[in-house]
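Examining the three-dimensional arrangement
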Amino acid sequence: MLTLISKYKVLSLAFVSILIGLIWRIEIEFHGWAGLTWITYFHFSVPIGFILFMTWANAMVRIDFAKRVIINVIGIGFAVLMILLIHMSLTTIFAGGPSALMMMKLLGWKYYFITYSIFILIPMLVVGPFLILKLFKQAVNFKLLILGLLVMLIALPVALFLLELVNHQGSHDAIHTIKSGLIFPFWIFAIGLVFITKKG
């Protein structure tokens, strides 16, 4: 399996990216699409998707066992931190009505900092792994970093276009690109591109 992944890098990345998006959507449908039910429970699709991606990513990395353990620990720590920060930022962004006003009063300038930090956090999903791989002397490809950032940039408008194209249930807005799972394959593919090293 790992040999096949290593041989067909881009194709296997696309497969894993789409699979993770599907797993997210299946879990959403299992709990029910209606309303805000999807934000009230723990999403097992997140750790499942992370394990799938890490399995693929490890097939890309050429490194001895001891350093592989270290780079995986750093990767897991980075991923957990990013998930928590992005969750905080998105929660602030999508808060509406009295909740938003209360948050603005309580947080003050921090409210705007947390809100607009999303414009740094999303690109960091690509830049972070690139820097970690470079730190461990992997033959990272700068062009793939740029391509990954571009894919990350177009992910939202493309996902919005697809929602409207298929007349997807719910609104055709940013929060539904997440709820539907449509944005995840683009994000995961963008992150994975930096793992396709020159010598990998």
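Residues numbered from 1 in each chain as written. Predicted model: local features only at pLDDT ≥ 70, side-chain atom pairs only at ≥ 80, totals over all residues. Heavy atoms only, no water.

What about the overall build of the chain?
Within the chain, the secondary structure is distributed over 10 helices and zero strands. The N-to-C order of helical and strand elements in the chain reads α-α-α-α-α-α-α-α-α-α. Taking all 200 residues of the chain together, the buried fraction comes to 42%. Accessible surface for the chain amounts to roughly 11800 Å². Of this, 78% is attributable to carbon and sulfur atoms. (Helix = DSSP H or I, 4+ residues; strand = E, 2+ residues; numbered from the N terminus. Buried < 20%, exposed > 50% of the residue type's maximum accessible area, 1.4 Å probe, protein only. Areas by Shrake-Rupley, 256 points an atom, 1.4 Å probe, with all protein chains shown as cover.)

Quick notes on unusual backbone geometry
In terms of backbone geometry, most residues other than glycine have negative phi values and most peptide bonds are trans. In this structure, lysine 137 is a non-glycine residue whose phi angle is positive, near 60°. Tracing the sequence through the fold places lysine 137 in the loop between α7 (118-135) and α8 (142-165). By relative accessible area, lysine 137 is classed as exposed at 75%. For asparagine 167, which is not glycine, the phi dihedral falls at a positive 55°. You can see asparagine 167 is positioned in the loop between α8 and α9 (174-179). Residue asparagine 167 is classed as exposed on the basis of its relative accessible area of 60%.

Points about the packing of α8 against helix α10 (residues 184-193)
Relative orientation of the contacting elements α8 and α10 amounts to 175°, with a least axis distance of 8 Å. By the criterion of interaxial angle, the relationship of α8 to α10 is roughly antiparallel. Residues Leu144, Leu147, Gly148, Val151, Met152, Ala155, Val158 and Leu162 of α8 pack against Phe186, Trp187, Ala190, Ile191 and Leu193 of α10. Looking at the contact of α8 with α10 residue by residue, the class counts come to 12 nonpolar, one polar and no charged. (Axes fitted to C-alpha atoms, helices over the stretch in contact; angles between N-to-C directions. Parallel < 35°, antiparallel > 145°, perpendicular 65-115°, else oblique. Contact = heavy atoms within 4.5 Å. Nonpolar A, V, L, I, M, F, W, Y, C, P; charged D, E, K, R; others polar.)

Side note on the nonpolar core
Among soluble globular proteins, nonpolar side chains are generally buried collectively. Core analysis: the largest hydrophobic core is formed by 49 residues, its most contacted members being Phe53, Trp56, Ile86, Met152 and Phe195. Within the residue set of this core, elements represented by two or more residues are α2 (9-31), α3 (45-60), α4 (65-94), α7, α8 and α10. Those residues in contact with tryptophan 56, other than ones at most four positions away along the chain, are Ile5, Lys9, Ser12, Leu13, Val16, Gly192, Phe195 and Ile196. (Core = buried A, V, L, I, M, F, W, Y, C linked by side-chain atoms within 4.5 Å.)

So, a nonpolar patch on the surface
On the surface, Phe142, Ile146, Leu147, Leu150, Leu153 and Ile154 cluster together into a nonpolar patch covering about 580 Å² of accessible area. A relative accessible area of 42% places isoleucine 154 in the partly exposed class. (Patch = residues over 30% accessible without salt bridge, like charges linked within 9 Å, V, L, I, M, F, W, Y side chains within 5 Å. Salt bridge = Lys/Arg side-chain N within 4 Å of Asp/Glu carboxyl O.)

Quick look at the packing of α2 against α10
Look at α2 against α10: their axes get within 8 Å of each other, and the N-to-C directions meet at 145°. Judged by the twist between their axes, the crossing of α2 over α10 is right-handed. Mapping the contact onto sequence places Val10, Leu13, Ala14, Ser17, Ile18, Ile20, Gly21 and Trp24 in α2 and Phe184, Pro185, Ile188, Phe189, Gly192 and Leu193 in α10. Of the residues belonging to the contact of α2 with α10, the class tally is 11 nonpolar, three polar and no charged. (Left-handed = near helix turned anticlockwise from the far one by under 90°.)

Some remarks on the pattern of salt bridges
For the coordinates displayed, the defined rule picks out one salt bridge. We note a salt bridge from glutamate 29 to arginine 25, for which the minimum N-O separation is 2.8 Å. A residue pair is termed a helical-turn pair when its members lie 3 or 4 positions apart in one helix, as glutamate 29 and arginine 25 do in helix α2 at four residues. Given the relative accessible area of 37%, glutamate 29 is considered partly exposed.

Re the environment of threonine 177
Its location among the elements puts threonine 177 in helix α9. Judged by relative accessible area, which is 0%, threonine 177 ranks as buried. Threonine 177 sits 16 residues away from phenylalanine 161 along the chain, and the two C-alpha atoms are 9.8 Å apart. Excluding residues within four positions of it along the chain, threonine 177 makes contact with Leu156, Ala159, Leu160, Leu163, Leu182 and Ile183.

Don't take any of this as a statement about function, it's just geometry.
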